[in-house]
Amino acid sequence: MEFYSLNKNASNVSFAEAVVKGLAPDRGLYFPEQITALPDSFFENIESMDTIEIAYTAIQQFVGDEIPEADLKSILTDVLSFDFPVVKVTENIGTLELFHGPTMAFKDVGARFMARCLEYFNRDNDDHVTVLVATSGDTGGAVARGFLGVKGVDVVILYPNGKVSDIQERQLTTLGQNIKALRVDGVFDDCQDMVKSAFLDESITSKRGLTSANSINIARWLPQLFYFLFAYKETKKLGKDLVFSVPSGNFGNICAGIVAHKLGMPVKHFVASVNVNDTVVKYLETGNYEPKASIPTISNAMDVGNPSNFIRIQQLFDNNFEDLKKDFSSYSFSDSETRKAMKEINHTSGYVADPHGAVGYLGLEKHGLQDNEYGIFLETAHPVKFLDIVEETLDTKIAIPEQIKEVLDKDKVFDTISKYEELKSYLLNDTDYKN
Ligand SMILES: *Cc1c(COP(=O)(O)O)cnc(C)c1O
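Participant: Quick question: what am I supposed to make of helix α4 (residues 69-79) here?
Facilitator: When α4 is considered as a whole, its buried residues turn out to be Leu-72, Ile-75, Leu-76 and Val-79. Taken down its axis, α4 places every buried residue within 95° of arc, on the same side.

Participant: I would appreciate a short explanation of unusual backbone geometry in the present structure.
Facilitator: Of note in the backbone geometry, Arg-27 takes a positive phi value of approximately 70° without being a glycine. The residue Arg-27 is located in the loop between α1 (15-21) and β2 (30-32) in this model. We classify Arg-27 as partly exposed; its relative accessible area is 39%. Although it is not a glycine, Gln-177 sits at a positive phi angle of roughly 50°. Within the fold, Gln-177 resides in the loop between α7 (166-173) and β7 (179-184).

Participant: Would you mind showing me how to read the site of the ligand here?
Facilitator: Around the ligand, the structure places 15 residues, and the nearest of them are Lys-107, Gly-249, Asn-250, Phe-251 and Thr-380. With respect to the ligand, the side chain of Asp-138 contributes an N or O atom lying 3.4 Å from an oxygen atom. Separating a nitrogen atom of the ligand from a side-chain N or O atom of Thr-380 is a distance of 2.7 Å. Relative to its free-state accessible area of 380 Å², the ligand is covered by the protein chains to the extent of 96%. Here the shell around the ligand is built from residues that sort into six nonpolar, seven polar and two charged.

Participant: Before we go on, may I ask you to explain the pairing of strand β11 (residues 328-332) in this structure?
Facilitator: Within β11, four of the five residues are buried, which leaves the element mostly enclosed by the surrounding structure. Where strand β10 (residues 269-274) and β11 come together, five bridges link them in parallel fashion. Looking across to β11, one finds that Val-271 is bridged to Ser-329.

Participant: How should I be thinking about the sheet that holds β7 in this particular structure?
Facilitator: Backbone-to-backbone hydrogen bonds join strands into a sheet, with any given pair of strands oriented parallel or antiparallel. Taken in spatial order, the five strands of this open sheet run β8-β5-β6-β7-β13, and their pairing is parallel. Strands at the two margins of the open sheet, each flanked by one partner only, are β8 (210-211) and β13 (415-417). Two elements, β7 and β13, share three bridges in a ladder whose sense is parallel. Across the sheet, the residue bridging to Val-184 is Ile-417, located in β13.

Participant: Teacher, can you tell me more about the nonpolar core here?
Facilitator: Most often, soluble globular proteins have nonpolar side chains that are buried together. Core analysis: the biggest nonpolar cluster contains 106 residues, and Phe-147, Leu-225 and Phe-328 have the highest contact counts within it. The dominant element in this core, judged by the number of residues it contributes, is helix α5 (residues 107-121), at nine residues. Those residues within four positions of Leu-225 in sequence are excluded, and the remaining contacts are Ala-58, Phe-62, Ala-256, Val-259, Ala-260 and Leu-263. Core analysis: the next-biggest nonpolar cluster, separate from the first, contains 30 residues, Met-302, Ile-345, Ile-389 and Leu-394 among them.

Participant: Even after reading the chapter, I still don't get α7, so can you show me in this structure?
Facilitator: A turn of α-helix holds 3.6 residues, and therefore any two residues three or four places apart point the same way. Of all eight residues in α7, seven are buried, a share of seventy percent or more. Every buried residue of α7 is listed here: Ile-167, Gln-168, Glu-169, Arg-170, Gln-171, Leu-172 and Thr-173. Contacts made by the buried residues of α7 are with α6 (138-147), β6 (153-160), β7 and α19 (402-408).

Participant: Would you explain the pattern of salt bridges in this entry?
Facilitator: Any two side chains of opposite charge can pair, so long as their charged atoms come close to each other. One pass over the structure, following the stated rule, counts 22 salt bridges. Residues Glu-69 and Lys-73 are paired through a salt bridge, measuring 2.8 Å at the closest nitrogen-oxygen approach. Remark: Lys-73 and Glu-69 occur in helix α4; sequence separation between them is four residues, near one turn of the helix. Overall, Glu-69 belongs to the partly exposed group, its relative accessible area being 43%. Among the salt bridges present, the one from Glu-169 reaches Lys-412, with a minimum N-O distance of 3.0 Å. Taken together, the residues Glu-169 in helix α7 and Lys-412 in the loop between α19 and β13 connect sequence positions 243 residues apart.

About the thresholds
Residues numbered from 1 in each chain as written. Predicted model: local features only at pLDDT ≥ 70, side-chain atom pairs only at ≥ 80, totals over all residues. Heavy atoms only, no water. Buried < 20%, exposed > 50% of the residue type's maximum accessible area, 1.4 Å probe, protein only. Helix = DSSP H or I, 4+ residues; strand = E, 2+ residues; numbered from the N terminus. Arc of directions from axis to C-beta. Near = heavy atom within 4 Å. Polar contact = N/O pair within 3.5 Å; in protein donor to acceptor, adjacent residues only side chain to side chain. Areas by Shrake-Rupley, 256 points an atom, 1.4 Å probe, with all protein chains shown as cover. Nonpolar A, V, L, I, M, F, W, Y, C, P; charged D, E, K, R; others polar. Pairing = 2+ DSSP bridges. Core = buried A, V, L, I, M, F, W, Y, C linked by side-chain atoms within 4.5 Å. Contact = heavy atoms within 4.5 Å. Salt bridge = Lys/Arg side-chain N within 4 Å of Asp/Glu carboxyl O.

Structure, rendered in structure tokens:
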């Protein structure tokens, strides 16, 4: 399949090129040339299919013949090696737990899929690509773990000093091998600015291939559509219409859900639940899209003032504002509402939601569910990732899962930088990547 740039000022590329480049040369996001609905029989028989068969059938048209069936299935087997259960919260609400992967963040699936695809494309050559990524928390850990030991790929992660949790910092700084952590004296926006400058700096890009590993990359973005199909498979027997509420920051996850709907999956409505970073909520109210500086919240993986994937959502609705509003809503919640919801969920069902999941729950509540509807909110991180907030809000202790224990007693290894010149000199002088 070919992918085109949404800025419409660059040539079409293959799946492999889109994955390697990340962003098109005209700075546009790549988008598939076509999205062909799957046959009705796929959705009729989905309960008899296993995870890999479902994922393979859904992603195959986007990959085309660039990765043969057996190799693609083996990549998917590797990527999808954990569970995605829908857990009952109330009579008509369930939560789709996406945190059972190696770093307990839903970004594990996209990061691992992207890593395995790059590995496949590099299998017979000595090409090197550097994945350069800024993280405010979960992306870095998932990317570091997903790319660990992958041939032909070096990873450089920038994170803000003191702004990520101790567990998140350990997940980035304790792996070694091809993973390099740079601690930035500054905030997340400073990290992001340095990464953007590096991508635009020809003195770097002429010497060293750079790519990004956030959800602008199609290999990070598209596999997220599997979650929605897995949830559909698991809840089909209820015979109800599904309403999905997705805690959203860059809107990659919910956008992938809309792709699953385009593939023919029945969905009644999509709710993008956000914290006070409400650019899209305001857009749906006024028709004016006005990006803002991000505001820090307790659901910090969603502190995004200019969601990069929203343009893909608009494209999925052929840029028709009225059509978008029929299938898609967005609601914003404050930190105090989020904490209140965490308590309410815990009191009524015993379920421990992290702040992001709680925002998702609030979105379903605000949207309201009819008798024949079943609401699913996506639980995007294990509560242990936001340990202090969860323990303090619910006045409880959370058991530390194995995946997290593993990193707790390892030493952090990182370099500290404070300005762009230091990043540049690191990227130009680091010779490890050439061996
Ligand atoms: C990244 C992230 C989100 C937001 O996902 P988008 O695809 O950027 O909308 C929500 N919750 C958690 C825990 C995340 O790490």
